[in-house]
2 protein chains.
Amino acid sequence: MKLKQSLIHGFSKKTRDEKLDFVANLHADKEHTLSVYKSFHHTDSNTQNLLEEFSENTITNFPMPFSICPNVLINDKVYLVPMVIEESSVVAAAAKASKLWFTRGGFKTEILGTEKIGQIHFLWTDDKTILYNRFPELKKRMIKDCFDITENMIKRGGGILDIELKDLSDEEPGLMQFYCTFETVDSMGANFINSCLEQFATTFENWHSAQEELSEEGLEIIMCILSNLTPNCRVKCYVECTYEQLDNIVPGMSGKDFARRFKLGVRVAELDPHRATTHNKGVFNGVDAVVLATGNDFRAVEACGHAYAALSGAYKPLTRVEMDNTHFRFILEMPFALGVVGGLTNLHPLVKQSLELLGHPSATELMSISATIGLANNFSAVKSLVTTGIQQGHMKMHLLNILKQLEVPKKRHKEIVEYFKDKIVSVSAVRQLVEKRSLAETNKNE
Amino acid sequence: MKLKQSLIHGFSKKTRDEKLDFVANLHADKEHTLSVYKSFHHTDSNTQNLLEEFSENTITNFPMPFSICPNVLINDKVYLVPMVIEESSVVAAAAKASKLWFTRGGFKTEILGTEKIGQIHFLWTDDKTILYNRFPELKKRMIKDCFDITENMIKRGGGILDIELKDLSDEEPGLMQFYCTFETVDSMGANFINSCLEQFATTFENWHSAQEELSEEGLEIIMCILSNLTPNCRVKCYVECTYEQLDNIVPGMSGKDFARRFKLGVRVAELDPHRATTHNKGVFNGVDAVVLATGNDFRAVEACGHAYAALSGAYKPLTRVEMDNTHFRFILEMPFALGVVGGLTNLHPLVKQSLELLGHPSATELMSISATIGLANNFSAVKSLVTTGIQQGHMKMHLLNILKQLEVPKKRHKEIVEYFKDKIVSVSAVRQLVEKRSLAETNKNE
């Protein structure tokens, strides 16, 4: 690395190839580095340009595995679900659970709301009663002044739902808030909401200037921004069957006993935030994979889901188990905001394929699909954890990764996997075995 | 879509091309679909095979923009930081903040711990005093029996730190837990920890069978699993300067006033979970981009950070502002577990490049770098929000996306951007303008 301690000027102004060259110069082997980076460029230059324009200072494409989860039965409709995820076993786990539930009624979902949220935070140091008294009139004007922005959204069935005035001045002197709710139909709505909020703020400031009793310094707007925490944009997804239908899904285990252990596994997550964190992480493994494949923003989805998991005052699992005399039920309830228009959805070539493969779902249908894969992944994870343990599957993946890393020829993988079936996998143990066998082979050949 | 309502058998057993063919058959235009999917395959078949083996049922690669954030000065060392993120403005925001702080002392970081956590959850219905009394002896044996697994980790400076016995039986009859802590040095440690835990469980069960006073049914192990919530594997990252050094970073605004407004912006997040969620989402925009570029698991990082943000009983921002008579300080403190060996780090060709570009950092150095980019992004977001508003920048990106979507020739972008500088951007408004001008041009040419 030969990076100088001085400020680099105008990096963003360089062309893609100039940036690549600049970066490659910092690597030990410039030519090799350049060829690696360039090898990931799309062969069609228009497509490559398009991909680069999604972000800034882009020098190449980072490939993530684009996979398919078959046999996903949701509300009696079958899907092949595209998943983009780099972690091994996630797609396999989703596929396994999907197949299991395919023959047990499939997944059911309900949309529990689609309300989005935006906020204007401001300091109000004038008489509060004036604001409260005139708020109904101000609110009407705020909504009216936004019509240029909302017109098309209203045609599509959305728009501004409400504006509420909230007082936080007990916590911070003068702090107040407009808490605004929106319906954004098939778009995630970030641009729409933020545009409305900034227009609200302009109207508010103009209105404020026109009120003669109020001083100019009496209002200071802090900021206008959508909230990613949308508890009323929420989906419920569940699976349900009789205990008999769970008999022997783990060989030798009764359905009733499986359900009992499974419920205990979820119960631990209810009582222990350390477990709840990892439990919910498993839900997001599935959800995010669909979110990525459909060009949505996984940071927004993660922030929303985790903050919601903490709303009760303790961090809780997003899934729960219900058991009665005859039935086992496993339920996921989580909020998130997705879009199927706008953003990357109309631009990224593989996002377009994903949406086509899913049959051009609405935003709420996509919520159902993403939540389903989240529930499927969580089901598989808890099932493994409370029965065989998670390492049985993971260690095989770990072993295969080590074999790839040590560049062991594929024809030898099977015997090595066999050898490690009842032994502990580590890089050194694998290396020892590989070297010993190579030596044995060399000796044999001599 | 011609998907049948019957179970698909053996999808995972098909070859990559058979899977592709199966999927393409479901699309309206099979040949077009096939060519799109295939166009994202790497031209080198070995590399393509490698990429496909990271996950299951993989049919192609999903390209994410791989970008560079220059001028990142951390603890007096300069980095070019690789970022993988699909959201526009994230890299630009990180680069802007990095440049601003480059000339103001840069970012400083401190590692506040590197402790990882694993748990064994079990039901104990025998006499608890026996377990408590004999726990010291059992613990020794659990650690000793793990030596095959820990030997190499100990050589690298890591290993098992401690095993504690916890009683949760007040909440759920019989529920107890071994709370185990580990040092996993440069690896994220998931496989190591889970392997240790499963060995602990075996030792525990064997020990239990050998205690004559205890009944066979007195112990039921529920599960063994690492926890992603690692509050003591934590990094602190901060920037600091005098108020004068902030003069005019927003044109016409004094440094003192900027700092006051910035602090108010963060204060809102402290008081309102709706704002805190979006606030932290901005931190993760930066953190996750580095996590992805370096082959780490962003779901683990997100779950850890958000659950930590909720530990106090309310969901709080991960950053805070400190102001004294002379200085402004902006601080991020967050836990997460990263690895620079194992997993994808030695396998993904671009992850290897990322780590080389960062000078082969240790796991703790990578924590510092990721947190820095998180702080940089949060700084830029709050700075925009409390000054110009976020839409100024976003609407330009939104407009450019619409232009791309409408396939407006690039040479016309500049005038259209100019036209919309003081107008509201929407798909229909842009379409109208584009059509009007096309018509005007047609007329002019006639």
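This text follows the structure it describes.
In this text, all values refer to a predicted model and were calculated from it rather than measured experimentally.

**Considering the relation of the copies chain A and chain B**
No. 1: Of the transformation placing chain A onto chain B, the axial shift is 0.0 Å and the rotation is 180°, giving an RMSD of 0.0 Å. As the rotation angle and translation indicate, the two copies are arranged about a two-fold axis.
No. 2: Both copies share a contact surface, since 100% of the interface residues of chain A are interface residues in chain B too.

**Details of the packing of helix H9 (residues 273-293) of chain A against helix H12 (residues 363-386) of chain A**
Residues and elements named next belong to chain A.
No. 1: Axis separation between H9 and H12 bottoms out at 7 Å; the angle between their running directions is 135°. Accordingly, the angle class assigned to the pair H9 and H12 is oblique. The crossing of H9 and H12 is right-handed. Residue-level inspection shows Arg275, His279, Gly282, Val283, Asn285, Gly286, Val287 and Val290 of H9 in contact with H12, the latter providing Leu366, Ile369, Ser370, Ala371, Ile373, Gly374, Asn377, Asn378, Val382 and Leu385.
No. 2: Residue composition of the contact of H9 with H12, grouped by class: nine nonpolar, eight polar and one charged.

**Looking at the sheet that holds strand E2 (residues 77-84) of chain A**
No. 1: The four strands are arranged E2(A)-E1(A)-E1(B)-E2(B) in an open sheet whose pairing can be described as antiparallel. The open sheet is flanked by E2 of chain A together with strand E2 (77-84) of chain B, the only strands paired with a single partner. This sheet shows a mean twist of 30° between the axes of neighbouring strands, independent of strand direction.
No. 2: Note: strand E1 (residues 58-74) of chain A against strand E1 (residues 58-74) of chain B, nine bridges, orientation antiparallel.

**A word on the interface of chain A and chain B**
No. 1: Every contact between the two is made by 149 residues of chain A and, on the other side, 149 residues of chain B.
No. 2: Interface of chain A and chain B: buried area, both sides summed, is about 12800 Å²; carbon and sulfur atoms make up 62% of it.
No. 3: When residues of chain A are sorted by the area they lose upon contact with chain B, Phe62, His274 and Arg299 of chain A head the list and together hold 7% of the total.
No. 4: Ionic pairing is found between lysine 410 of chain A and glutamate 53 of chain B, a salt bridge with its closest N-O pair at 2.8 Å.
No. 5: One can count 64 residue pairs in polar contact (both at pLDDT 80 or more) joining chain A with chain B.
No. 6: Among the residues forming the side of chain A that touches chain B, the class breakdown is 74 nonpolar, 49 polar and 26 charged.

**Some words on helix H6 (residues 147-155) of chain B**
Residue and element names in this part refer to chain B.
No. 1: Those residues of H6 that sit buried are Ile149, Thr150 and Met153. Seen end-on, H6 carries its buried residues on one side only, within an arc spanning 75°. In H6, the exposed residues that point more than 90 degrees away from the buried face are Asp148 and Lys155.
No. 2: Against strand E5 (159-167), strand E6 (175-183) and helix H7 (190-210) lie the buried residues of H6.
No. 3: Backbone geometry just after H6 places glycine 157 at a positive phi near 100°.

**Overview of the nonpolar core**
No. 1: Phe122, Phe178 and Phe200 of chain A together with Phe122, Phe178 and Phe200 of chain B are the most contacted members of the largest nonpolar core, which totals 266 residues.
No. 2: Contacts of phenylalanine 122 of chain B, omitting those with residues within four sequence positions, involve Leu131, Leu165, Gly174, Leu175, Met176, Gln177, Phe178, Phe204, Leu219, Glu220, Ile221 and Ile222 of chain B.

**Quick look at the pattern of salt bridges**
All names here are of chain B.
No. 1: Applying the stated criterion across every chain yields a total of 50 salt bridges over all chains.
No. 2: Ionic pairing is found between glutamate 52 and arginine 16, a salt bridge with its closest N-O pair at 2.5 Å. Remark: arginine 16 occurs in helix H1 (residues 16-24) and glutamate 52 occurs in helix H3 (residues 45-52); sequence separation between them is 36 residues.
No. 3: According to the relative accessible area criterion, arginine 16 is partly exposed, its value standing at 22%.
No. 4: Between arginine 260 and aspartate 257 there is a salt bridge, with its nearest N and O atoms 3.0 Å apart.

Conventions adopted
- Residues numbered from 1 in each chain as written.
- Chains lettered and ligands numbered in written order.
- Predicted model: local features only at pLDDT ≥ 70, side-chain atom pairs only at ≥ 80, totals over all residues.
- Heavy atoms only, no water.
- Least-squares fit on C-alpha atoms with pLDDT ≥ 70 in both.
- Contact = heavy atoms within 4.5 Å.
- Axes fitted to C-alpha atoms, helices over the stretch in contact; angles between N-to-C directions.
- Helix = DSSP H or I, 4+ residues; strand = E, 2+ residues; numbered from the N terminus.
- Parallel < 35°, antiparallel > 145°, perpendicular 65-115°, else oblique.
- Left-handed = near helix turned anticlockwise from the far one by under 90°.
- Nonpolar A, V, L, I, M, F, W, Y, C, P; charged D, E, K, R; others polar.
- Pairing = 2+ DSSP bridges.
- Buried area = accessible area lost by both parts, 1.4 Å probe.
- Salt bridge = Lys/Arg side-chain N within 4 Å of Asp/Glu carboxyl O.
- Polar contact = N/O pair within 3.5 Å; in protein donor to acceptor, adjacent residues only side chain to side chain.
- Buried < 20%, exposed > 50% of the residue type's maximum accessible area, 1.4 Å probe, protein only.
- Arc of directions from axis to C-beta.
- Core = buried A, V, L, I, M, F, W, Y, C linked by side-chain atoms within 4.5 Å.

Function cannot be read off these values alone, since they describe shape.
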